[in-house]
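One letter stands for each residue in the lines below.
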Amino acid sequence: MTQIKQLVSQDEFTGFYLLKELEVRQTNATPPKDYFDIVLSDSTGQLTAKLWDVSPTDKETFFPMGLVKVRGIVQTYRERLQIKIVQMRLATPEDGVTITEFIRSAPIRPIDLIYTIKNTTASIVNDEVRTIVEYCIAKAEDKLMDYPAAKTHHHAYYAGLAYHTVRMLELGEFIIRQRPFLNGDMLRAGIILHDIAKTEELNARLGVVSDYSITGKLIGHIALASSWITEAAIRSDIPLESERVVGLQHLVLSHHNTGEWGSPVQPQTAEAVALHYIDSLDAKLQMVEDALDSTPESEPWTPMIRGLENKAVYRTPN
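Rules and cut-offs
- Residues numbered from 1 in each chain as written.
- Predicted model: local features only at pLDDT ≥ 70, side-chain atom pairs only at ≥ 80, totals over all residues.
- Heavy atoms only, no water.
- Helix = DSSP H or I, 4+ residues; strand = E, 2+ residues; numbered from the N terminus.
- Polar contact = N/O pair within 3.5 Å; in protein donor to acceptor, adjacent residues only side chain to side chain.
- Contact = heavy atoms within 4.5 Å.
- Core = buried A, V, L, I, M, F, W, Y, C linked by side-chain atoms within 4.5 Å.
- Buried < 20%, exposed > 50% of the residue type's maximum accessible area, 1.4 Å probe, protein only.
- Patch = residues over 30% accessible without salt bridge, like charges linked within 9 Å, V, L, I, M, F, W, Y side chains within 5 Å.
- Areas by Shrake-Rupley, 256 points an atom, 1.4 Å probe, with all protein chains shown as cover.
- Salt bridge = Lys/Arg side-chain N within 4 Å of Asp/Glu carboxyl O.

**Here we look at the side chain of Asp37**
Argument step 1. Structurally, the position occupied by Asp37 is in strand S2 (residues 34-42).
Argument step 2. A distance of 3.2 Å separates a polar atom in the side chain of Asp37 from a polar atom in the side chain of Arg25.
Argument step 3. Separated by 3.0 Å, the side chains of Asp37 and Lys50 make a polar contact.
Argument step 4. If sequence neighbours within four positions are ignored, Asp37 has contacts with Glu21, Leu22, Glu23, Arg25, Ala49 and Lys50.

**Here's the deal with the side chain of Ser242**
Argument step 1. By the secondary structure assignment, Ser242 is in the loop between helix H8 (221-235) and helix H9 (243-254).
Argument step 2. Of note is the side chain of Ser242, whose polar atom sits 2.7 Å from the side chain of Glu128.

**What about the nonpolar core?**
Argument step 1. Counting residues in hydrophobic clusters, the biggest one holds 48 residues, and the most contacted among them are Ile117, Ile132, Val133, Leu187, Leu193 and Leu248.
Argument step 2. Ranked by the residues each element gives to this core, the list is headed by helix H3 (residues 127-144), at 8 residues.
Argument step 3. If we ignore the near neighbours within four places in the chain, the residues touching Ile132 are Leu193, Ile229, Ala232, Ile238, Val245 and Leu248.
Argument step 4. One finds Leu40, Leu47, Val54 and Phe62 within the second-largest nonpolar core, a separate group that totals 20 residues.

**Some thoughts on a nonpolar patch on the surface**
Argument step 1. Nonpolar side chains collect at one region of the surface, where Ile214, Leu218 and Ile219 lie side by side and expose about 370 Å² of accessible area between them.
Argument step 2. Mapped onto the secondary structure, Ile219 falls in the loop between helix H7 (214-218) and H8.

**Examining helix H5 (residues 184-193)**
Argument step 1. Counting buried positions along H5 yields 10 of 10 residues, so the element is predominantly enclosed.
Argument step 2. Buried residues of H5: Gly184, Asp185, Met186, Leu187, Arg188, Ala189, Gly190, Ile191, Ile192 and Leu193, and no others.
Argument step 3. In this structure, the buried residues of H5 make contact with helix H2 (110-122), H3, helix H4 (160-178), H8, H9 and helix H10 (270-294).
Argument step 4. For H5, the N-terminal capping position is held by Asn183, with its side-chain oxygen 3.1 Å away from the main-chain nitrogen of Asp185.

Spelled out as structure tokens, the structure:
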């Protein structure tokens, strides 16, 4: 079976894939005709696809998060690979494939990621900070084991949020040692809390985001996490004017750096500056890693990466 990563332009192939996204659209023809705008994926990556001239039966048959058998041709459109679907059907039990085979997951077991996050939390010396972090982890724990960190941007796979958090903690530990003027408790807490409310911002199953929740659309994970900190302080009898409470809220509220990216304030503590750049570094390197991993090794350049200002990345020879 041909994996997504193996596909190159002009390939004709047949294989099983996850119907990760599906949207019915119309052509500009007169009269317009319906077609499917699709994202096909497996554990190695994903590609956009088109199924033209869809029928009413097709629209009642195919839905996101279904397994399908596809016969298609790989084409190049605007310097990106895209699949023209020639034929598609639903997978059946007789095909012997299961959805978990097609789900990309973090390279570290979720249980180990959660252990690292909890172990780091237990190492926080300040009682107020540790109590607030423990409260927020408890609110998110059921979903933290498997949730992605984003819909498409970075760490968009099973346990991606926990993996992103742990990778940031590793970077944070290095920077705390290198820059001892930083408050280690606050930076570790900020790393754990900065994206934790994505468990409420996103609707996800098996690491695949179907949409943003109503709460996610109307409030967003940044404001949600700040409110969780307030809630934790109230429940734990910690004064809301405590510098630790305000400092944690500032870390969460400023970690995207600008209003354009959703932060109502810019980083104005040393720990907030560190958090923003640690977050950005891990996210951008993950985008590059994902692009390289999902591009055939025969291709020297990746597709354009949206999070890197639509730049492609060249594969440095070994």
